[in-house]
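Chain and residue survey
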Amino acid sequence: MNNLTPKRLLVTGGAGFIGANFVHYWLQNHPGGRLVVLDVLTYAGNRASLAGAEGRPEFRFVHGDIRDEALVERLLREEGIDTLVHFAAESHVDRSIAGPGAFIDTNIVGTHSLLKAARAVWLDGDESRPGHRFHHVSTDEVYGSLGPNDPAFSETTPYAPNSPYSASKAASDHLVRAYHHTYGLATTISNCSNNYGPLQFPEKLIPLCILNLLDGKPLPIYGDGQNVRDWLHVEDHCHGIELILESGRVGETYNVGGGAERTNLQVVEGLCAVMDELRPEDSPHARHIEFVKDRPGHDRRYAIDERKLRGELGYTPVHSFEGGLKETVAWYLANEVWWRPILSGEYREWVGCQYGS
Ligand code: NAD
Ligand code: TYD
């Protein structure tokens with residue numbers, strides 16, 4: 001049973017895509033508590049994503065690394081944190097293929113560092129208190145790849161990660177589970193599918209394609225475009241995490257999905273159709289689609305069985321994929337001030353040159 005009303009949160013990776021959306025969602029729905037963001041601001045972290053939260057008395061931004069155990073211990077104590085929501089990670093599969101080292105350091109060593117700090121303060125330290133929660137945000141990619149007729153991933157699907165990214169997330173999930181089982185840390189884990197929505201760094205499929213279209217660049221589709229992902233609107237994901245924090249059972253894992261399986265080609269064609277409507281041109285935007293060399297080890301299909309979250313905690317996603325995609329495109333069109341500064345030299349060097357055509 002959960003006996004905690006989360007009031008004082010430490011959110012790691014709160015300047016990233018999902019973390020920042022969670023910060024806004026939480027502050028809007030839970031005014032009057034405390035929310036501290038800890039973020040080291042890698043290429044994927046963006047302080048501008050937290051505009052709107054920055055001026056609020058409940059909010060504090062700390063520029064620091066999750067691997068700095070002393071800093072995390074100090075923050076947990078001085079802020080009287082009862083709930084740690086752990087988003088911070090290296091999150092892009094393609095970058096993990098190019099350089100796995102940072103994924104081991106941040107996702108495995110960093111998560112372990114947080115667990116050690118949480119254990120020291122909440123279980124062993126002078127300020128030991130019964131009401132605490134360590135919530136770890138993970139991915140469906142830990143379960144591996146599905147065939148076209150396989151049942152969707154459930155919480156009991158065996159782990160079979162295929163990329164350095166998913167292997168590092170799987171390792172961190174196991175560490176979180178072990179800290180609960182061995183030391184009694186009050187943990188929960190959520191494994192979610194591909195998120196989309198505002199504030200996503202434009203290396204991921206949907207924002208990459210939106211910005212490429214605005215720049216008149218090709219839309220690179222890996223392989224045959226028939227790989228399937230189960231798309232989850234980031235706001236639905238935030239709601240799922242909220243339910244788990246408030247009512248989830250300690251020691252449990254919950255899958256969070258959007259109930260929207262689409263091939264990559266369907267996603268990009270859908271996006272082009274939205275652009276035809278919002279930014280019409282002489283000929284359809286889909287003319288920019290280009291099939292390029294496949295990602296090595298590219299997982300074929302992900303799909304989430306979210307019956308546990310729906311049945312136990314009453315989760316219902318409210319965004320349809322088509323409606324959410326249109327809103328997302330509209331958000332990028334209206335927020336050039338957010339994405340324009342990201343399109344720096346580092347970004348241009350990285351994006352679009354991974355596998356070639
Ligand atoms: P993101 O890459 O957009 O943001 C990651 C954030 O973590 C950045 O702000 C970065 O600065 C911060 N960070 C990285 N290393 C850090 C460190 N050592 N110390 C402190 N901060 C650090 O990632 P995202 O897409 O928002 O994903 C958030 C979480 O959700 C990740 O754990 C990811 O594995 C998981 N997830 C994401 C998706 C998705 O579709 N985006 C799907 C499933 C699971
Ligand atoms: P991505 O957004 O990188 O998420 P993930 O790899 O975690 O699922 O990719 C989503 C899907 O889109 C995945 O099957 C890879 C594919 N993809 C492309 O076809 N072209 C691209 O340029 C990118 C970035 C991804």
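Residues numbered from 1 in each chain as written. Chains lettered and ligands numbered in written order. Predicted model: local features only at pLDDT ≥ 70, side-chain atom pairs only at ≥ 80, totals over all residues. Heavy atoms only, no water.

Remarks on the pairing of strand β2 (residues 34-39)
With respect to burial, β2 is a largely interior element, six of its six residues being buried. Pairing of strand β1 (residues 8-12) with β2, which is carried by five bridges, proceeds in the parallel orientation. Paired with L10 across the strands is V36, a residue of β2. In this region the chain leaves β1, passes through helix α1 (residues 17-29) and returns to the parallel neighbour β2; the handedness of that crossover is right-handed. (Buried < 20%, exposed > 50% of the residue type's maximum accessible area, 1.4 Å probe, protein only. Helix = DSSP H or I, 4+ residues; strand = E, 2+ residues; numbered from the N terminus. Pairing = 2+ DSSP bridges. Right-handed = clockwise from strand over helix to strand, strands pointing away.)

Remarks on the site of ligand 1
Ligand 1 sits among 28 residues. The nearest are I18, D39, S91, Y165 and K169. The separation between an oxygen atom of ligand 1 and a polar main-chain atom of T42 is 2.9 Å. Residue K169 places a side-chain N or O atom 2.6 Å away from an oxygen atom belonging to ligand 1. Calculation on ligand 1 without its partners gives an accessible area of 840 Å², and the protein chains cover 97% of this total. For the shell around ligand 1, the secondary-structure elements that each account for two or more residues are α1, β5 (133-139) and α5 (164-183). Residue contributions to the shell around ligand 1 peak at three residues, all from β5. Looking at the shell around ligand 1 residue by residue, the classes come out as 13 nonpolar, 12 polar and three charged. (Near = heavy atom within 4 Å. Polar contact = N/O pair within 3.5 Å; in protein donor to acceptor, adjacent residues only side chain to side chain. Areas by Shrake-Rupley, 256 points an atom, 1.4 Å probe, with all protein chains shown as cover. Nonpolar A, V, L, I, M, F, W, Y, C, P; charged D, E, K, R; others polar.)

Thoughts on the packing of helix α4 (residues 101-124) against α5
In contact at an axis separation of 8 Å, α4 and α5 are set at 15 degrees when each is read in the N-to-C sense. On the basis of the axis angle, α4 is roughly parallel to α5. Classified by chirality, the crossing of α5 by α4 is right-handed. Residues F103, N107, I108, T111, H112, L115, K116, R119 and L123 of α4 form the contact with α5, whose participating residues are Y165, S168, K169, A171, S172, L175, V176, Y179 and Y183. Counted by class, the contact of α4 with α5 contains 10 nonpolar, five polar and three charged residues. (Axes fitted to C-alpha atoms, helices over the stretch in contact; angles between N-to-C directions. Parallel < 35°, antiparallel > 145°, perpendicular 65-115°, else oblique. Left-handed = near helix turned anticlockwise from the far one by under 90°. Contact = heavy atoms within 4.5 Å.)

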